[in-house]
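Residue strings, one per chain:
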Amino acid sequence: MTPSQNNPIGVIDSGVGGISVLKSIRKYLPYEKLIYVADSKYAPYGEKSSEDITHRMLTIFEFLNKIKVKSIVVACNTATAASIGTLRNQFNFPIVGMEPAVKPASLLSKNRVVGILATSGTLLSAKFAALLEHHANDIHFITQPCFGLVELVEQGDLESVKLTTLLKKYIDPLLKENIDTLVLGCTHYSFLKPAIQNLMPSYINIVDTGDAVAVYLKHVLIEKNLLNHDILPGITDFWTNSLDQNADKVITSLWGGDPISFNYKGLWI
Ligand code: DGL
């Protein structure tokens, strides 16, 4: 095995949302060392400028680059939309980003009415406009920015009355438009799937991108000869700059993983 095959993969997000993607990555790549970075001190990214988000991404990339990661997954739709081009220009290792599952949704929808929940940063980005344009065809896409949801997920709130009320406010208008497919275009929202399902008829498809990104990452690693051929399960390290006393508990409960492969590393930046 070459040294680089043995190096870890970084997975990063504005906070804990990308753990939903991390779970998929762990499922498809059980032998890889994974380092998750939650930039929770600076969450949410949704209403920050592209410049500010890019600055945060560069800071985290430098940190992970020093650890010698072999690849980074930007497990954040908002950060991908704001900064993926700059990041790919500055770093040589493979960088995998996220985008709302517009294409899978357009293949699934029968009545051609699709709702998309995402942050305002994602919905207002040029990258998202191009994505919609590409898949527009005969589909009516209804976009809904969801202010306040990321903050609740950051606190580990996946089901309170406050959360349900907020979700209802965002979902009801989409139901009135008769959507048959709903895209979760923010990695934090994947943790709200059960709460969202409770507010919608069961025939509505809910799509997110965690599994697709994990499969794509595996493909990239194979193609670049970077796959880890270890036979022991990979370690998963968590880093967070959260100032919340409960950050470790929230991460542990969202990860829900095998404690043997879990290290909480505390504050880092
Ligand atoms: N998980 C990020 C995303 O996928 C959340 C953005 C935020 O922090 O507002 O867009």
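What counts, and at which threshold
- Residues numbered from 1 in each chain as written.
- Predicted model: local features only at pLDDT ≥ 70, side-chain atom pairs only at ≥ 80, totals over all residues.
- Heavy atoms only, no water.
- Helix = DSSP H or I, 4+ residues; strand = E, 2+ residues; numbered from the N terminus.
- Buried < 20%, exposed > 50% of the residue type's maximum accessible area, 1.4 Å probe, protein only.
- Axes fitted to C-alpha atoms, helices over the stretch in contact; angles between N-to-C directions.
- Parallel < 35°, antiparallel > 145°, perpendicular 65-115°, else oblique.
- Left-handed = near helix turned anticlockwise from the far one by under 90°.
- Contact = heavy atoms within 4.5 Å.
- Nonpolar A, V, L, I, M, F, W, Y, C, P; charged D, E, K, R; others polar.

Draft legend 1. Structural detail: unusual backbone geometry. Residue Ala43 is joined to Pro44 through a cis peptide bond whose omega torsion reads 0°. Of note, Pro44 is situated in the loop between strand S2 (34–38) and helix H3 (50–66). Positive phi outside glycine occurs at Lys68, with the angle close to 65°. Note on placement: Lys68 falls in the loop between H3 and strand S3 (71–74). Taking the relative accessible area as the measure of exposure, Lys68 reaches 54% and is therefore exposed. Unlike most non-glycine residues, Asn178 shows phi in positive territory, near 70°. Take Asn178: it is sitting in the loop between helix H9 (161–176) and strand S7 (181–184).

Draft legend 2. Main features of the packing of H3 against helix H4 (residues 77–90). Where H3 meets H4, the closest approach of the two axes is 9 Å, and the angle between their N-to-C directions is 55°. Taken together, the axis directions place H3 and H4 in an arrangement best described as oblique. H4 is crossed by H3, and the crossing has right-handed handedness. Across the interface between the two elements, Ser50, Ile53, Thr54, Met57, Leu58 and Phe61 of H3 pack against Thr78, Ala79, Ala82, Ser83, Thr86, Leu87 and Gln90 of H4. Counted by class, the contact of H3 with H4 contains 7 nonpolar, 6 polar and no charged residues.

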